[in-house]
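# Structure at a glance
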Amino acid sequence: MSNRENPYGGETASQVNVTFGNGAAGATPGLAEAPSLADLIKDTTTASFATDVIQESRRQPVLVDFWAPWCGPCRQLTPVLEKIVQEAGGQVRLVKLNIDDHPAIPGQLGIQSIPAVIAFKDGQPVDGFMGAVPESQIRDFIKRIAGDNGGKLEEALAAATEAREAGDRQTAAQIYSAVLQQQPEHVEALAALADLLFEAGQTDEAKAVLDRVPEAKKDMAAVAAVRARMALSEQVAGLGDAAELERRLAENPADHQARFDLALIQNARGEREAAAENLLAIVKADRSWNDDGARTKLLELFDAWGMTEPVTLAARRKLSSLLFS
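Reference entry: report on the structure contained in this document. For clarity, every value in this text was computed on a predicted model and none was experimentally measured. (Residues numbered from 1 in each chain as written. Predicted model: local features only at pLDDT ≥ 70, side-chain atom pairs only at ≥ 80, totals over all residues. Heavy atoms only, no water.)

Turning next to the packing of helix H11 (residues 256-268) against helix H13 (residues 293-305). Contact pair H11 / H13: the axes reach a minimum separation of 11 Å and the direction vectors enclose 5°. It follows that H11 is roughly parallel to H13 by the angle criterion. Contacts between H11 and H13 involve Phe260, Leu264 and Asn267 from the former and Gly293, Ala294, Lys297, Leu301 and Trp305 from the latter. (Axes fitted to C-alpha atoms, helices over the stretch in contact; angles between N-to-C directions. Helix = DSSP H or I, 4+ residues; strand = E, 2+ residues; numbered from the N terminus. Parallel < 35°, antiparallel > 145°, perpendicular 65-115°, else oblique. Contact = heavy atoms within 4.5 Å.)

So, on to the sheet that holds strand S4 (residues 62-67). As summarised here, the arrangement of the five strands in space is S3-S5-S4-S6-S7, forming an open sheet in which the pairing is mixed. Here the strands that pair on one side only, and so sit at the sheet edges, are strand S3 (41-43) and strand S7 (124-130). Each strand of the sheet is rotated relative to its neighbour by a mean of 25°, with strand direction disregarded. In this sheet, S7 lies alongside strand S6 (residues 116-121) in antiparallel orientation, the contact comprising six bridges. The residue bridging Phe120 from the neighbouring strand is Pro125, located in S7. Most of the contacts of helix H2 (residues 72-87) go to S4, to which it runs at about 165°, and overall it touches S3, S4, strand S5 (93-98), S6 and S7. In this fold helix H4 (residues 135-145) packs onto S4, S6 and S7, with an angle of close to 170° to the strand it touches most, S7. (Pairing = 2+ DSSP bridges.)

On to the pairing of S6, then. Of all six residues making up S6, five are buried, and the element is well covered by its neighbours. Where S4 meets S6, five bridges bridge the pair, whose relative direction is antiparallel. Residue pairing in the sheet places Leu63 in a bridge with Ala119 of S6. The hairpin turn running from S6 into S7, its antiparallel successor, is two residues long, and Asp122 in that turn takes a positive phi close to 50°. (Buried < 20%, exposed > 50% of the residue type's maximum accessible area, 1.4 Å probe, protein only.)

So, on to the layout of surface pockets. Here the largest pocket is characterised by a volume of approximately 990 Å³. Lining of the largest pocket is provided by 33 residues; of these, Asp195, Arg229, Arg272, Ala304 and Trp305 occupy positions nearest its centre. At the level of secondary structure, the elements contributing two or more residues to the lining of the largest pocket comprise helix H5 (147-165), helix H6 (169-182), helix H7 (187-199), helix H9 (221-236), H11 and H13. When residues in the lining of the largest pocket are grouped by element, the largest group, eight residues, is from H9. (1 Å grid on protein atoms, 1.4 Å probe; cavity = no way out; pocket = protein on both sides within 12 Å on 5 of 7 lines; lining within 4 Å. Points joined across faces, edges and corners; volume = space filled by probe spheres on them.)

Before going further, it helps to spend a moment on the environment of Ala225. Within the secondary structure, Ala225 sits in helix H9. Given the relative accessible area of 15%, Ala225 is considered buried. Each C-alpha atom of the pair Ala225 and Ala304 lies 4.2 Å from the other, and the pair is 79 residues apart in sequence. If sequence neighbours within four positions are ignored, Ala225 has contacts with Asp303 and Ala304.

Next up on the list: unusual backbone geometry. Most of the time, phi is negative for any residue but glycine, and the peptide bond is trans. The peptide bond linking Ile114 to Pro115 adopts the cis configuration, its omega dihedral lying at 0°. By secondary structure assignment, the location of Pro115 is in the loop between helix H3 (104-109) and S6. Positive phi values are uncommon outside glycine, yet Asp291 reaches one of about 55°. A relative accessible area of 74% places Asp291 in the exposed class.

Interhelical geometry of H2 versus H4 gives an angle of 45° and a closest axis separation of 10 Å. Between H2 and H4, the angle falls in the class oblique. Seen along the crossing, H2 lies across H4 with a hand that is right-handed. Packed against H2, whose contacting residues are Leu77, Val80, Leu81, Lys83, Ile84, Val85 and Glu87, the element H4 presents Glu135, Ile138, Arg139 and Ile142 at the interface. Of the residues belonging to the contact of H2 with H4, the class tally is seven nonpolar, no polar and four charged. (Left-handed = near helix turned anticlockwise from the far one by under 90°. Nonpolar A, V, L, I, M, F, W, Y, C, P; charged D, E, K, R; others polar.)

As structure tokens, this is what we get:
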């Protein structure tokens, strides 16, 4: 998605200095710029080592896997190392160096046996291990090396939430995009960015972002809330004019269909309390109307609004009172 297409990326947009790993949000990163998991792993050479490792490690930790084709333990270690780096979702990058083809670098670093994995931070080697160590040790090693990024991630997400609550959606979108450059499958950032795009009227782009959520996490609350909002919006599109529905209700307060449709329109406008009150009025007047449709829709709205939303909590209490009094 280019800046021209992105409602949050115009030339007059306010800037925000947010760095998470190597993702900076001084200008809105397009969604297509977020690296795939494959981009987290690459081969390097003597000529490109300074760029791939030294410079990159100033942005985020880089692991260097020193290996050779004839090394049996290397063939055991490398696939496990690649898998764990991918699962880390951008907290570290992995660079592989064939010491047979490029012996100068391992010679300078004093690498005398392989496999050897050296972690670089801020342009310097800081830790490492040798041999085909167990998977659990590799995970602990990466967690230790990438420890600082966890705090930066939480700070970035908190800053995005604060910006959004203050009405600065552009800054929030920039921060979420920066996070996703480093953790392409971060569910909270994906859901929040999709929600921002949807609010900006870019439904197709919002759907594309949600499609990036891992299959095992598609039912998480944040994702489900965005999908529910989008589904409700599609339903509202064919409901007609709110003023006409209000006129029908003025003439006939028992016109439950008009009240139901008006509630959906009110929800789409962000008038949550009014939407809840209209649906609760139908439940109170005729619970059986449309196969308990008002209560069912109200529960869908609760999912869309979120379980901790004040309107959800208040309406849920009223619904319980109606059902169980």
